[in-house]
Amino acid sequence: MNIHIIGGGNLGVAIAVGLANYSKGNHITITRRNTAQIQHLSQNGIIVSSNNIENIDQADLIILTIKPYQIDTVLNEILPHISNKIIASAVSGVSLETLQQKAIGAHPIVRIMPNIAAQFAESATCISFSEQNKEAGEHVVSLFNYLGTAIVIEEKLMDAATVLGACGTAYALRYIRASMQAGIEIGFDAQTALAIASQTAKGAAKMALEEKIHPEQLIDRVTTPQGCTIVGLNEMEHRGFSSALIRGIKTSLQKIKE
Ligand SMILES: NC(=O)C1=CN([C@@H]2O[C@H](COP(=O)(O)OP(=O)(O)OC[C@H]3O[C@@H](n4cnc5c(N)ncnc54)[C@H](O)[C@@H]3O)[C@@H](O)[C@H]2O)C=CC1
Ligand SMILES: O=C(O)[C@@H]1CCC=N1
């Protein structure tokens, strides 16, 4: 596939590198106005350009990884140069209907919400599309399955998916950072603490994914009666651990809806 990624920032680069490393036979172009910071991607066989329309007519798929306020400028620039292309938009908060109207109905539009772990083929990518664009949507789902797990959701849950799946990477990393800080306080050097905290989080996530049972059932296996885990967990809850996370996620959702 010929894949044209417009917006070579944090997410665009993660997708481009993920596709280059974890899928085969794709030709990837990534654009950004000032390419100095992403020129190194050409070492991975990715074409880096500051020109959004050069060769865009040869693309099979156009992925938009720009900010919401850049969408009109970019669509106005590219639309005169393309016909019947699949456009996958990762732009948060912009609906299928809005995108379809902006594209004058001329292109199948798919909404995607990956996260930056796409770079390591570990993204949870939520995808939605209309019945009319089912074929295009399934095409995009197959591609994003190379970059982790692609999950088709109803569009009304797209903002929630943005928060849980995309912002979620930052929340999980904040958990790892806090564990690391505690690890240093109780005796480890920073690198060792990071390695232990990260692998432990990865192991817990793997168990949750493989066993598909409620996390509390897995927690039960760790909490030896009268042991050290349960007292720590209870102290965390007294301090508002779960509550802080839930409130944070709901605040992020509120921000998208605004
Ligand atoms: N960063 C993340 O983890 C995620 C971001 N998103 C969404 O993806 C979009 C991009 O987010 P980020 O990558 O974080 O932002 P970013 O600011 O890192 O990337 C945007 C890029 O677009 C480039 N750009 C701006 N105008 C352009 C134009 N006319 N032509 C070509 N490139 C242009 C900018 O130079 C910048 O490199 C946003 O809509 C965001 O909500 C969605 C999921 C995850
Ligand atoms: O922070 C943001 O607005 C974007 C959307 C999801 C992740 N980053």
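Residues numbered from 1 in each chain as written. Chains lettered and ligands numbered in written order. Predicted model: local features only at pLDDT ≥ 70, side-chain atom pairs only at ≥ 80, totals over all residues. Heavy atoms only, no water.

If you look the protein chain up in an unreviewed UniProt entry, it shows as Pyrroline-5-carboxylate reductase from Flavobacterium lacus. Looking at the protein chain in UniProt, the text filed under Subcellular location (unreviewed entry) is "Cytoplasm". Turning to the protein chain, the UniProt annotation filed under Sequence similarities (unreviewed entry) states: "Belongs to the pyrroline-5-carboxylate reductase family." (UniProt positions renumbered as here; feature names shortened; annotations may be inferred.)

Once that is clear, we can look at the UniProt feature "binding site: NADP(+)" (unreviewed entry) in the protein chain. Cross-referencing UniProt, the feature "binding site: NADP(+)" (unreviewed entry) maps to Ile 6, Gly 7, Gly 8, Gly 9, Asn 10 and Leu 11 in the present numbering. Within the secondary structure, Gly 9 is located in the loop between strand S1 (2–6) and helix H1 (10–22). Using a relative accessible area of 29% as the deciding quantity, one classes Gly 9 as partly exposed. For Leu 11, the contacting residues outside a window of four places in its chain are Thr 65, Ala 90, Pro 114, Asn 115 and Ile 116. (Helix = DSSP H or I, 4+ residues; strand = E, 2+ residues; numbered from the N terminus. Buried < 20%, exposed > 50% of the residue type's maximum accessible area, 1.4 Å probe, protein only. Contact = heavy atoms within 4.5 Å.)

What follows concerns the UniProt feature "binding site: NADPH" (unreviewed entry) in the protein chain. UniProt tags Asn 52 as "binding site: NADPH" (unreviewed entry). Inspection of the secondary structure assignment puts Asn 52 in the loop between strand S3 (47–49) and strand S4 (61–64). Those residues within four positions of Asn 52 in sequence are excluded, and the remaining contacts are His 4, Ile 6, Thr 31, Val 74, Glu 77 and Ile 78. At a separation of 2.6 Å, a polar atom in the side chain of Asn 52 contacts the side chain of Thr 31. (Polar contact = N/O pair within 3.5 Å; in protein donor to acceptor, adjacent residues only side chain to side chain.)

Here we take up the confidence of the model for the protein chain. Mean pLDDT over the protein chain: 97, with 100% of residues reaching 70 or higher. Model confidence for the complex is summarised by a pTM of 0.97, with the ipTM given as 0.99. (pLDDT = per-residue confidence, 0-100.)

A separate point is the environment of Asp 189. In this fold, Asp 189 is placed in the loop between helix H5 (158–185) and helix H6 (190–211). What makes Asp 189 partly exposed here is its relative accessible area of 46%. With 139 residues separating them in the primary sequence, Asp 189 and Ser 50 have C-alpha atoms 43 Å apart.

The next point concerns the side chain of Thr 125. Tracing the sequence through the fold places Thr 125 in strand S7 (residues 123–128). Those residues within four positions of Thr 125 in sequence are excluded, and the remaining contacts are Ile 112, Met 113, Pro 114, Phe 144, Thr 149, Ala 150 and Ile 151.

Turning our attention to the site of ligand 1. Taken together, 23 residues lie near ligand 1, and Leu 11, Asn 52, Ile 66, Lys 67 and Ser 92 sit nearest. Within the backbone of Ile 66, one N or O atom sits 2.8 Å away from an oxygen atom of ligand 1. Ser 92 is positioned such that a nitrogen or oxygen atom in its side chain is 2.7 Å from an oxygen atom of ligand 1. When its residues are assigned to classes, the shell around ligand 1 shows 11 nonpolar, nine polar and three charged. (Near = heavy atom within 4 Å. Nonpolar A, V, L, I, M, F, W, Y, C, P; charged D, E, K, R; others polar.)

Counting buried positions over the five residues of strand S6 (residues 109–113) gives five, a clear majority of the element. Alternating residues of S6 divide into Ile 109, Arg 111 and Met 113 and Val 110 and Ile 112, and every residue in both groups is buried. The handedness of the strand S5 (residues 86–89) to S6 crossover, carried by helix H3 (residues 96–102), is right-handed. Pairing analysis gives three bridges linking S6 to S7, with the strands arranged antiparallel. Across the sheet, Met 113 pairs through a bridge with Cys 126, a residue of S7. (Right-handed = clockwise from strand over helix to strand, strands pointing away. Pairing = 2+ DSSP bridges.)

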